[in-house]
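So the chains spell out like this:
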Amino acid sequence: MSLGEFDLIARHFTRPARRNPLGVGDDCALIAPAPGMQLAVSSDMLVEGRHFLSTVAPERLGHKALAVNLSDLAACGAKPLAYTLALALPRADDTFLAGLARGLHALADRHDLDLVGGDTTAGPLNLCLTIFGEVPPGAALLRSGARAGDELWVSHPLGEDEPGWLGDARLALEVFRGTVGLRVPGEAFDRLRLAMECPEPRVALGLALRGVATSAIDVSDGLLGDLQHVLRRSGAQCQPHGQPLGVVIDADTLPRSPLMSTQTEAVQHECLLAGGDDYELLFTAAPADHDRVREAGQRSGTGVRRIGRLTASGGTVVVGRDGQRLATPWASFDHFAA
């Protein structure tokens, strides 16, 4: 018997909803944030061949689809509440859907998150999620609050053997592409692939950074490229004539996995600075709050590393081991680039 649209919704995506009085099944969801809180809303789309490989396990695909949305809430310092799922499928494959739903629901349960609606249709494989969170008025982390003199930080896993270190997702992609010269032992590749397919959203850190970080963004399109959004938005708020802020980054301080450290310097710099798909938090804080940033990392069980400082002079400077300025020829990921 073929699986119809409403059958697959009922079988795989209908769950008890706590914050939506209606549950799944009406034309709209009704979300009730706590009194006095603001809603934080974000949407992300994952398209097969553009954002994930056709070989990805459905459970991991479900995890990643929700993780990248949770990462947006983390960068805003928002507490997750609920999400919707719009899903296009080439065919209604029950085994695939069961795995996809397991990945979604497992991560949602970890963050006390309700699935409150969405849509399904036939078409090329595509997942579009809209996520809702709550944040006290004036407490949201924004891209526009950084100031010259602020320290630049990035999050990272705590253990050397944990997946998800900066640049590892890009390194995995280059292995899939067959890039010549990469040295990745077979037993280490599984950890790289996990970084690419199962990123860890830093929700707890985002909450802990409220009132501490002056700006924040998640690293989705590459550290240098995403940082430019902060420099431009913050510069428009505080610089004469709205000029972007500048930054000096010490490449040697960038957190990396032991496997990344075995690659050539050129590979390391490209993966760490322009890799993308990391979903770590890149944020700024005043030097006087250095210890508070460390405490936020400890409270959230997340590693944090200071990697540079912001300047008023404009421009992006990356210095290497010898203190010399490095070339930075990479462009941020562009969904419409060839």
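For clarity, every value in this text was computed on a predicted model and none was experimentally measured.

Cut-off values and rules
Residues numbered from 1 in each chain as written. Predicted model: local features only at pLDDT ≥ 70, side-chain atom pairs only at ≥ 80, totals over all residues. Heavy atoms only, no water. Helix = DSSP H or I, 4+ residues; strand = E, 2+ residues; numbered from the N terminus. Buried < 20%, exposed > 50% of the residue type's maximum accessible area, 1.4 Å probe, protein only. Areas by Shrake-Rupley, 256 points an atom, 1.4 Å probe, with all protein chains shown as cover. Pairing = 2+ DSSP bridges. Axes fitted to C-alpha atoms, helices over the stretch in contact; angles between N-to-C directions. Contact = heavy atoms within 4.5 Å. Arc of directions from axis to C-beta. Core = buried A, V, L, I, M, F, W, Y, C linked by side-chain atoms within 4.5 Å. Expected span 1.5 Å × (residues − 1). Lys, Arg positive; Asp, Glu negative; His and termini not counted. Salt bridge = Lys/Arg side-chain N within 4 Å of Asp/Glu carboxyl O. Polar contact = N/O pair within 3.5 Å; in protein donor to acceptor, adjacent residues only side chain to side chain. Phe/Tyr/Trp six-rings, centres within 6.5 Å; stacked < 30°, edge-to-face > 60°.

Attention now goes to the overall build of the protein. From N to C terminus, the protein includes 10 helices and 10 strands. Among the 338 residues that make up the protein, the fraction classed as buried is 50%. Accessible surface for the protein amounts to roughly 15400 Å². Of this, 52% is attributable to carbon and sulfur atoms.

Where strands meet in a sheet, backbone hydrogen bonds hold them as pairs that are either parallel or antiparallel. The mixed open sheet is built from 4 strands, whose spatial order is S1-S4-S2-S3. Strands at the two margins of the open sheet, each flanked by one partner only, are strand S1 (38-47) and strand S3 (114-122). Averaged over all adjacent pairs, the angle separating strand axes in this sheet is 15°, with direction ignored. When S1 meets strand S4 (residues 126-135), the two strands line up antiparallel, connected through 10 bridges. Note that in S4 the partner of Met 45 across the bridge is Cys 128. Set on the sheet, helix H2 (residues 58-76) makes contact with S1, strand S2 (79-89) and S4; between it and S4 the angle comes to about 35°. Packing against the sheet, helix H3 (residues 94-110) makes contact with S2, S3 and S4, and its axis sits at approximately 165° to S2.

With that out of the way, let us pick up helix H10 (residues 290-300). Within the span of H10, buried status applies to His 290, Val 293, Ala 296, Gly 297 and Ser 300. The buried residues of H10 occupy an angular sector of 120° when the element is viewed end-on, so they sit on one face. Exposed and facing more than 90 degrees away from the buried side of H10 are Asp 291, Gln 298 and Arg 299. In the core, the buried residues of H10 are packed alongside strand S5 (151-156), helix H6 (203-208), strand S8 (281-285) and strand S9 (303-311). Downstream of H10 by a residue or two, Gly 301 has a phi angle that is positive, lying close to 65°.

Moving on to the environment of Asp 112. Secondary-structure assignment places Asp 112 in the loop between H3 and S3. A sequence separation of 32 residues divides Asp 112 from Pro 80, and the C-alpha atoms of the two residues are 7.3 Å apart.

Bringing unusual backbone geometry into the picture now. Leaving glycine aside, a negative phi is the common case for residues, and trans is the common case for peptide bonds. You will see that Asp 112, though not glycine, has its phi angle at about 55°, which is positive. Its relative accessible area of 34% is what places Asp 112 among the partly exposed residues. Within the chain, Tyr 279 stands out as a residue other than glycine whose phi angle is a positive 60°. Relative to the elements of secondary structure, Tyr 279 occurs in the loop between helix H9 (265-274) and S8. By relative accessible area, which is 10% here, Tyr 279 ends up buried.

The next thing to look at is the nonpolar core. With 49 residues, the main nonpolar core has Leu 61, Leu 66, Tyr 83, Leu 127 and Phe 283 as its most contacted residues. Of all the secondary-structure elements, those providing two or more residues to this core are S1, H2, S2, H3, S4, H6, S8 and H10. Per-element accounting of this core gives the leading share, 10 residues, to H2.

For the rest of this paragraph, the subject is helix H5 (residues 186-197). Think of an α-helix as 3.6 residues a turn; residues three or four steps apart then line up on the same face. Here H5 spans 17 Å end to end across 12 residues, near enough to the 16 Å set by a 1.5 Å rise per residue. Taken together, the buried positions of H5 are Ala 188, Phe 189, Leu 192, Ala 195, Met 196 and Glu 197. Packing partners of the buried residues in H5 comprise H2, helix H4 (168-177) and helix H8 (258-261).

Attention shifts here to the side chain of Asp 150. By the element assignment, Asp 150 lies in the loop between S4 and S5. No salt bridge is formed by the buried Asp 150. Its closest oppositely charged neighbour is Arg 147, at 6.7 Å. Looking at Asp 150, its side chain comes within polar contact range of the side chain of Thr 214, at 2.7 Å. Residues contacting Asp 150, with those up to four places away along its chain left out, are Gly 145, Thr 214, Thr 284, Ala 285, Ala 286, Pro 287, Gly 308, Arg 309 and Leu 310.

Moving on to the environment of Leu 209. Following the sequence through the fold, Leu 209 ends up in the loop between H6 and strand S6 (215-218). You can call Leu 209 buried: its relative accessible area is 0%. Measuring from C-alpha to C-alpha, the distance between Leu 209 and Arg 294 comes to 10.0 Å, with 85 residues separating the pair along the chain. Apart from residues no more than four positions distant in its own chain, Leu 209 is found in contact with Leu 141, Phe 283 and Ala 296.

For Leu 272, the position within the fold is in helix H9. Separated by 105 residues in sequence, Leu 272 and Gly 167 have C-alpha atoms that sit 4.4 Å apart. With sequence-adjacent residues up to four places away left out, Leu 272 is seen in contact with Leu 166, Gly 167, Leu 223, Leu 254, Pro 255, Arg 256 and Met 260.

The next point concerns the packing of aromatic side chains. Considering all chains together, one arrives at 2 aromatic pairs under this definition. Ring plane angle 5° and centroid distance 6.3 Å describe the contact between Trp 153 and Phe 283, whose orientation is recorded as stacked. Of the two residues, Trp 153 sits in strand S5 while Phe 283 sits in strand S8, which places them 130 residues apart along the sequence. Taken as a pair, Trp 153 and Phe 283 share a single burial class, namely buried. Consider the rings of Phe 176 and Phe 189, whose centres lie 5.3 Å apart with planes at 70°: the pair is edge-to-face. With a gap of 13 residues between them, Phe 176 in helix H4 and Phe 189 in helix H5 connect regions that are remote in the sequence. Owing to a relative accessible area of 17%, Phe 189 belongs among the buried residues under this scheme.

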